[in-house]
Amino acid sequence: MSHFTDELTNRLTRYAAIDSQSEEDSPSSPSTAIQWDLLRLLKTELEEIGATDVQLTDYGTVLATLPGTTPGPVIGFLAHVDTAPQFNATGVKPRVIKGYNGGTITFPDAPDLSLSPEEFPYLATKQGHDIITASGTTLLGADDKAGVAIIMTAARHLLENPGIARPTIRVAFTPDEEIGRGVNSRLPKDLAADFAYTFDGGAVGEVEYESFSADGAVVKITGVSIHPGLAKGKMVNAIHLASKIIATLPQATMTPEVTDDREGFIHATEMTGDAAEMTIKFILRDFERDGLAAKGALVEQVCAAVQASEPRARITCTIRPQYRNMRYWLETDMTPVDLARRACARIGVSPVSVPIRGGTDGSRLTEMGIPTPNLFTGMQNIHGPLEWISAQDMAVATELCLALVQEATVAP
């Protein structure tokens, strides 16, 4: 299947060059108008390769059907078009390093930046591969435009080869996954799949059916503003109170930079404002419901303690659900996971299932009734300037997509 490599490289570099970063504070759907550019392009490309029922919904999701040629479950394949808001994603300049020689990769627009196999051992296993990165000042956007490229390549191949037996396949490209808003309430019905897969994972072999459970917290602090020359005994500085909240939370044991494996965290993502009013945004993550609830309660307790220390201020803490661990539902019926593992075996890949220290559109879809594990694409070092991917890894993911189709036509 190495003939997929050039197509995947072409698709990813084209898609990555289109700005499509999402914006958490935007009320619209998609959250940014630029996402429509890629969504419209994908709609056109699906029509050109012969997909049916192609539509772009008013909530910003491209849907299409690959009609089945044999009985079987309706399977959904999903990827998201938005790129993460955590790092610059404007003006991405993808580049391809053909036949990677195994050394340190440098970046033309950031001479001090380097990507070394010593620091990132997975890269050391990719000697001879075609490595795709950005130029050093932006992320690449393989998360999840690699997934888009994989699904589009597989769809094109299937539609051009009707002799390959397949059940009906539904394709969906969603917006705003990176801000937890990729799954509109209408999507499960519109997708109309028995089960689905997101192609939004990392290293080859990953078949993921367990994710974080997630909440978001917004803390608002209103102080007492007055001219600093007249402030004695009167001013209440909101910045000081915000700093006290951050300092009181457990930074040595419960932040992303000191946790791994199955440990959850409280992560302050943004702090804005001035002496009069401050806002702190947190994301709360844990693999278990009780652990997530405890982290929310801890943030509320710290806010209450700081409020008690300064009754003239006003401190509010609002916690909103984001998504839940897909394991809660998938462990009751592992059919799509077992199918993915058999598909891996079909192409000679050893499946590996580890908890996702994050979430996917599949987390929400699973919770809403469509079981949706997550599968590998090859993407690495996502959400930053060192993001990279192997075109050959993407080709293996494309083979997996096709193997899933074939396995779905085989009676268990």
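Below is a short write-up of the structure. No experiment lies behind these values; they were computed from the predicted model shown.

### Remarks on the pairing of strand E11 (residues 213-222)
Here E11 lies mainly inside the structure; seven of its ten residues are buried. Bridge count between E11 and strand E13 (residues 277-286): ten bridges; the pairing is antiparallel. Opposite glycine 216, over in E13, you have isoleucine 283 as the bridge partner. When E11 meets strand E14 (residues 314-323), the two strands line up antiparallel, connected through nine bridges. Among the inter-strand pairings, threonine 222 is bridged to a residue of E14, identified as arginine 314.

### With respect to the layout of surface pockets
If you add up the space inside the second largest pocket, you get close to 180 Å³. What lines the second largest pocket is simply Ile246, Leu249, Pro250, Gln251, Met254, Thr255, Pro256, Glu257, Ile266, His267, Ala268 and Phe282. Of the residues contributing to the lining of the second largest pocket, the split by class is eight nonpolar, three polar and one charged.

### Focus: the pattern of salt bridges
This structure, assessed with the given rule, holds 23 salt bridges. One salt bridge connects lysine 93 with aspartate 109, and the closest N-O pair in it is separated by 2.6 Å. With lysine 93 in the loop between strand E3 (75-80) and strand E4 (95-97) and aspartate 109 in the loop between strand E5 (105-107) and strand E6 (110-115), the pair connects residues that are 16 residues apart, well separated along the chain. The class of aspartate 109 is partly exposed, set by a relative accessible area of 31%. Aspartate 215 serves as the salt-bridge partner of arginine 324, at 2.9 Å between the closest nitrogen and oxygen. With arginine 324 in the loop between E14 and helix H8 (327-330) and aspartate 215 in strand E11, this pair connects stretches of sequence that are 109 residues apart. Residue classification places aspartate 215 among the buried residues on the basis of a relative accessible area of 9%.

### Concerning the sheet that holds E13
Taken together, the four strands give an open sheet; going across it, the order is E12-E13-E11-E14, and neighbouring strands pair in antiparallel fashion. Two strands bound the open sheet, and with one partner strand each, they are strand E12 (265-273) and E14. Recorded for the sheet is a direction-independent mean angle of 15 degrees between the axes of neighbouring strands. Note that E12 and E13 share eight bridges and pair antiparallel. Across the sheet, the residue bridging to histidine 267 is isoleucine 283, located in E13. Contacting E11, E12, E13 and E14, helix H6 (residues 238-248) crosses the sheet at an angle of about 15 degrees to E13.

### Focus on the packing of helix H9 (residues 335-346) against helix H11 (residues 391-408)
At their nearest, the axes of H9 and H11 sit 8 Å apart, and the two run at 115 degrees to each other. By the angle between their axes, H9 is roughly perpendicular relative to H11. Note that H9 runs across H11; the crossing there is right-handed. Across from Leu339, Ala340, Arg342, Ala343, Cys344 and Arg346 in H9, the residues of H11 making contact are Leu400, Ala403, Leu404, Gln406, Glu407 and Ala408. Residues of the contact of H9 with H11, tallied by class, amount to eight nonpolar, one polar and three charged.

### Quick word on the sheet that holds strand E10 (residues 207-208)
Strands sit in the order E1-E2-E8-E3-E9-E15-E10 across an open sheet of seven strands; the sheet is mixed. Pairing within the sheet leaves two strands with one partner each, and these edge strands are strand E1 (52-56) and E10. Direction of pairing for strand E2 (residues 62-66) relative to strand E8 (residues 169-174): antiparallel, over a ladder of five bridges. Paired with threonine 65 across the bridge in E8 is arginine 170.

### With respect to the packing of aromatic side chains
One pass over the full model with this rule turns up seven aromatic pairs. Relative to tyrosine 197, the ring of phenylalanine 77 lies with its centre 6.4 Å away and its plane at 35 degrees, an arrangement referred to as tilted. With phenylalanine 77 in strand E3 and tyrosine 197 in strand E9 (residues 195-201), this residue pair connects regions lying 120 residues apart in the sequence. Looking at tyrosine 197, the relative accessible area reads 0%, which means it is buried. Over the ring of phenylalanine 107 we find arginine 95; its NZ or CZ atom is 4.9 Å from the centre of that ring. Residue placement shows arginine 289 over the ring face of tyrosine 328; its charged tip is 3.7 Å from the ring centre.

### Quick word on the environment of proline 373
One can find proline 373 in the loop between helix H10 (361-367) and strand E15 (374-376). The exposure class of proline 373 is buried, given its relative accessible area of 0%. Sequence separation between proline 373 and glycine 182 is 191 residues, and the spatial gap between their C-alpha atoms is 15 Å. Once residues lying within four places of it in the same chain are set aside, the contact partners of proline 373 are Ala196, Tyr197, Thr198, Glu208, Met326, Leu330, Pro336 and Val337.

What counts, and where the lines are drawn
- Residues numbered from 1 in each chain as written.
- Predicted model: local features only at pLDDT ≥ 70, side-chain atom pairs only at ≥ 80, totals over all residues.
- Heavy atoms only, no water.
- Buried < 20%, exposed > 50% of the residue type's maximum accessible area, 1.4 Å probe, protein only.
- Helix = DSSP H or I, 4+ residues; strand = E, 2+ residues; numbered from the N terminus.
- Pairing = 2+ DSSP bridges.
- 1 Å grid on protein atoms, 1.4 Å probe; cavity = no way out; pocket = protein on both sides within 12 Å on 5 of 7 lines; lining within 4 Å.
- Points joined across faces, edges and corners; volume = space filled by probe spheres on them.
- Nonpolar A, V, L, I, M, F, W, Y, C, P; charged D, E, K, R; others polar.
- Salt bridge = Lys/Arg side-chain N within 4 Å of Asp/Glu carboxyl O.
- Axes fitted to C-alpha atoms, helices over the stretch in contact; angles between N-to-C directions.
- Contact = heavy atoms within 4.5 Å.
- Parallel < 35°, antiparallel > 145°, perpendicular 65-115°, else oblique.
- Left-handed = near helix turned anticlockwise from the far one by under 90°.
- Phe/Tyr/Trp six-rings, centres within 6.5 Å; stacked < 30°, edge-to-face > 60°.
- Lys NZ or Arg CZ within 6 Å of the ring centre and 35° of its normal.

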